[in-house]
Amino acid sequence: MKASPTDVLTGIYYIDGDVAAGYGALAAGCKLVAGYPITPSTEAFEAMCRMGPQVGTVFIQMEDEFGSISAVLGAVWSGVKSMTITSGPGYSLMMESIGFGAMLETPFVLLNIQRGGPSTGVPTKTGQADMMQSRWGSHGDYELIAISPDSPQEMFDYTIKAFNLAEKYRCPVMIMSDECVGHMTEKVVIPEADKIEIEPRRFYKGPPEKYLPFSPDPDLVPKIAKAGDGLGLYITGRVHDERGYPVKNEEFKAKYVRRLVDKIRLNKDKIIELKEESTDDADVVVVSYGISSRVAVKGVEIARQKGIKVGALRLVTVWPFPDEKIIDLAKKVKAFVVPEINYGQIVFDVARCCHGQANVVLIPHGGAGVHNPLDISDAIESAAKEDKKIEGVVEFKTRLEKIVFERGLKFKE
Amino acid sequence: MNSIISAFSKGIEKSGIDRKKISMPSDVPFNPDVVKALGVDYFQIPRGRAIAFGTGLKLGNPSLKVVPVAGDLMTLGGNHFVHGARRNMELLIICVNSFVYKKIAGKPIPSTQSAFSPYSTFEEPFNFPHLGNSCGAIYTARWTALHTEELADSVAEALHKHGLSVIEVLAPGPNYYTDIDSIELELLKFYHENSTIKNNEDPKNVAIVPDEKIIVGKFTDKERPTFIDSYNVQHSKILGDKFTPHGGKNG
Amino acid sequence: MAEIRFAGYGGQGIIRSGIIVGRAASIYDDKFSTMSQSFGPEARGGACSSQLVVSESKVLYPYLTAAGILVAMSQAGYDKFEPELSEKGLLLYDEDLVKPKASRGNITPFAIPATRFAEQLGKKIVANVVILGFFTAITKVVTYESMKKAIPDSVPEKAIDLNLKAFERGYNFGLEVLKKQKEPQ
């Protein structure tokens, strides 16, 4: 299905990542935005407030983040596409209903412009420390999809993709961007509507009396319905059977929750998008996502000038995690280098898939800035020289960390 | 709880509204058979979020009649209630007050004990109709599980209101009480002896006070633009033809 | 590649300056440009800055590594960002608002009474556009033609004429300054 021309603000813009994501959501056909403004995601909300009413998208500033995400879920069950936008503390508040949304197999999009944490952290500066929270933040077993764009243009493109994936797999999709990309202004090209592919909602179209809201299609994803169609919906966050009725026994619990995770795990190949470059004969592969992957390219270039065989693997979709890809590469390479703006999150998944076959180096960053490309090239260089197998994750001491430690901020021996 | 549901069903019948168009987001668990009998769309949602979820349903499809049923309304969902009333979102809120807070002479319910207050309760409760009214709700009423006819009438009436209506229903919630079976009959007797109907009473006078009769009735009924009305007026004024009003008149 | 810092105080159009030059470079000059701005209390009245990277290829590192050009519109902005200016950098400043220190390294200073020119044109607020004209003439990071297209995109319709006039004023002043520089003293 093509995008509706009335939703697409075709043109060439010079806008920041937040605004681009907002325009992407409009192009994808998002008809309700509910949010509570929080730095540094505010510009996305502002863009939708300004343009939304002109393209038939309703915005509402809710009383809090609980309300925002609940209203989004309500809107989806009323039959429209919906998203919310948040950051930092607001993201934490939304966790309860992210699990609820996953349990109800509700297709919705959440844009998280990550900022420096924990707690209030550094509201106006960047971070990538919500990555594990996006995967495990809500209680219980569930799977979802997370995408990490690296430029305003990608914010536009991948917001549309996020909506498409949400509809296709009936699950929450997180756009795990960050302040750097959100507040970065670049050229963004918004194409004509007929160049934009939109995934239609998987509405049930059969006879009402035969509808089973949680009876899956062969791809494990059930057809969805909307309120007001006379289907007598019974939708609950309790573990339920195909009718949606609550069940308590072990067998049903296993059956339902199994499918909830399997619909993502078994469709992984179709969901995951990676950008892989020169990994074939690489000694070292840099695994990164979002803004770090963009900065990493510069580090990779510097390392190559020094004659090091280095490849790059960019996780465009971070969740589900590309286990097989890492397992495969681990057999061939000497080491993985993982720069991320946190003290180790995705790096542990890389290590998990390595099975000790390759060294894993973390380039940490405490947030409020991005990596120095020289740190990345240095880490690549030292990883390429290391012939010993080292157990666990090795932490690379960046220039910044060295300065901090030289000033005497060290742990007691 | 069952008496409330049958009163609610009767209210829908009386209102003449198509049951298929009614959505009930609720944090009170309903049995699927009950929902089937009601003929509505039912969403059991996390505690306290019924009004916020309902706000999304209504904004997504303004032709729906949305009836959030709230048990944990004034605790987890307090903020949603206050702001829902302020913006006058068109919702009919059925607030099931299950006496977790101090009510009647220190005893939650006659001859029962609350599982969470074995030594009786001491906290002051909210006066829901007053709170709702002062935040901007356009219709407020309170009934008990005994007043099923009056409750049905209020439901029928409030379903046609454009704005946020709140009906408080005094009833025990099964989760809070140790001995639910024995209380039903005694409770009705208690409500009969200890309540008095005062329609049009100023909501500020209807707080539930120990040793005084519980005041029930339809307290307020007024008109005020809904959220969607105001949304449309404001954007039409500024954007003119660039703006298509949302949801037509039904908002 | 050019790395540019615009510095001033909130309300001077510092961030808009970054946007105009960035837009001119990436949309009309067909280059790549990335603009990042300072946020928080400093953007609401205090010291305020934006950084712009203009490049022939995709900008990978979004922030400045060594500022090649500093455009200073306030003393505080100058004081804060002068140290990051590279030794071969260009310093452009409003001579009525900034008193520069003794020049270091091979930094070339260029002064313009931008706010005074703006006042002569009728509105102090266009001082940033005057300095953009000056910037265009001196640095040649963006072309004159592209700037003439980018300015109308970024200002309210009724202010376009005034802004273009301001731009011309700064641009012509810049050309004069360059001409004088070439003449033997």
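For clarity, every value in this text was computed on a predicted model and none was experimentally measured.

Asker: Describe in detail the overall build of chain A, supporting the description with residues and values.
Answerer: Per the secondary structure count, chain A includes 15 helices and 17 strands. Over its C-alpha trace chain A gives a radius of gyration of 22 Å, about what one expects of a compact globule, namely 22 Å for 413 residues. Projected onto the principal axes, the alpha-carbon positions of chain A cover approximately 65 × 50 × 45 Å. When burial is assessed residue by residue, chain A has 62% of its 413 residues classed as buried.

Asker: I'd like a rundown of the interface of chain A and chain B, residues and numbers included.
Answerer: In this assembly, 39 residues from chain A lie in contact with 39 residues from chain B. When the two sides are added together, the surface that chain A and chain B hide from each other amounts to roughly 3100 Å², 61% of it contributed by carbon and sulfur. For the pair chain A and chain B, the number of links is two salt bridges. Residue A:E63 is joined to B:R87 by a salt bridge in which the shortest nitrogen-to-oxygen separation is 2.9 Å. Between the two partners, chain A and chain B, sit 17 residue pairs in polar contact (both at pLDDT 80 or more). Going through the elements one at a time, β3 (58–61), α3 (65–77), α5 (95–103) and β10 (234–236) of chain A are the ones with two or more residues in the side of chain A that touches chain B. By residue number, the principal contributor to the side of chain A that touches chain B is α3(A), which donates eight residues. With three bridges connecting them, β10(A) and strand β2 (residues 41–44) of chain B associate as parallel partners. The partner of A:T236 across the bridge, within β2(B), is B:Q44.

Asker: Pulling in residues and values, what's your account of the arrangement of the chains?
Answerer: Where the two pairs of chains in contact are concerned, the greatest contact count is recorded for chains A and B. Of all C-alpha pairs spanning chain B and chain C, none lies closer than 17 Å, and the two are not in contact.

Asker: Tell me about the interface of chain C and chain A, and please be specific about residues and values.
Answerer: At the interface, 22 residues of chain C touch 22 residues of chain A. At the boundary of chain C with chain A, total buried surface from both sides reaches about 1700 Å², with 60% on carbon and sulfur atoms. Applying the counting criterion to the chain C and chain A interface returns one salt bridge. C:K58 serves as the salt-bridge partner of A:D150, at 4.0 Å between the closest nitrogen and oxygen. For the pair chain C and chain A, the interface holds six residue pairs in polar contact (both at pLDDT 80 or more). Of all elements in the fold, only α1 (14–28) and β2 (32–37) of chain C reach the threshold of two or more residues within the side of chain C that touches chain A.

Asker: An account of the domain arrangement of chain A is requested, with residue identities and associated values reported.
Answerer: Residue and element names in this part refer to chain A. What the domain assignment lists for chain A is domain 1 (11–195) and domain 2 (272–406). Relative placement of domain 1 and domain 2: their C-alpha centres are 27 Å apart. Taken together, the contact between domain 1 and domain 2 spans 27 residues of the former and 25 residues of the latter. Between domain 1 and domain 2, a total of about 2000 Å² is buried, with carbon and sulfur atoms accounting for 54% of that surface. Contact with domain 2 buries surface across domain 1, with Q128, M132 and D150 losing the most and accounting together for 29% of the total. Viewed at the interface, domain 2 and domain 1 are joined by five salt bridges. As a salt-bridge pair, R314 and D150 come within 3.6 Å of each other at their nearest N and O atoms. Counting the contacts that link domain 1 with domain 2 gives 20 residue pairs in polar contact (both at pLDDT 80 or more). Breaking the side of domain 1 that touches domain 2 down by element, the ones donating at least two residues are β6 (122–126), α6 (131–136), β7 (145–147), α7 (152–169), α8 (179–182) and β9 (184–190). Looking at the side of domain 1 that touches domain 2 element by element, the count peaks at four residues for α6.

Rules used throughout
Residues numbered from 1 in each chain as written. Chains lettered and ligands numbered in written order. Predicted model: local features only at pLDDT ≥ 70, side-chain atom pairs only at ≥ 80, totals over all residues. Heavy atoms only, no water. Helix = DSSP H or I, 4+ residues; strand = E, 2+ residues; numbered from the N terminus. Rg over C-alpha atoms; globule rule 2.2 N^0.38 Å. Buried < 20%, exposed > 50% of the residue type's maximum accessible area, 1.4 Å probe, protein only. Contact = heavy atoms within 4.5 Å. Buried area = accessible area lost by both parts, 1.4 Å probe. Salt bridge = Lys/Arg side-chain N within 4 Å of Asp/Glu carboxyl O. Polar contact = N/O pair within 3.5 Å; in protein donor to acceptor, adjacent residues only side chain to side chain. Pairing = 2+ DSSP bridges. Domains from an automatic or database assignment.

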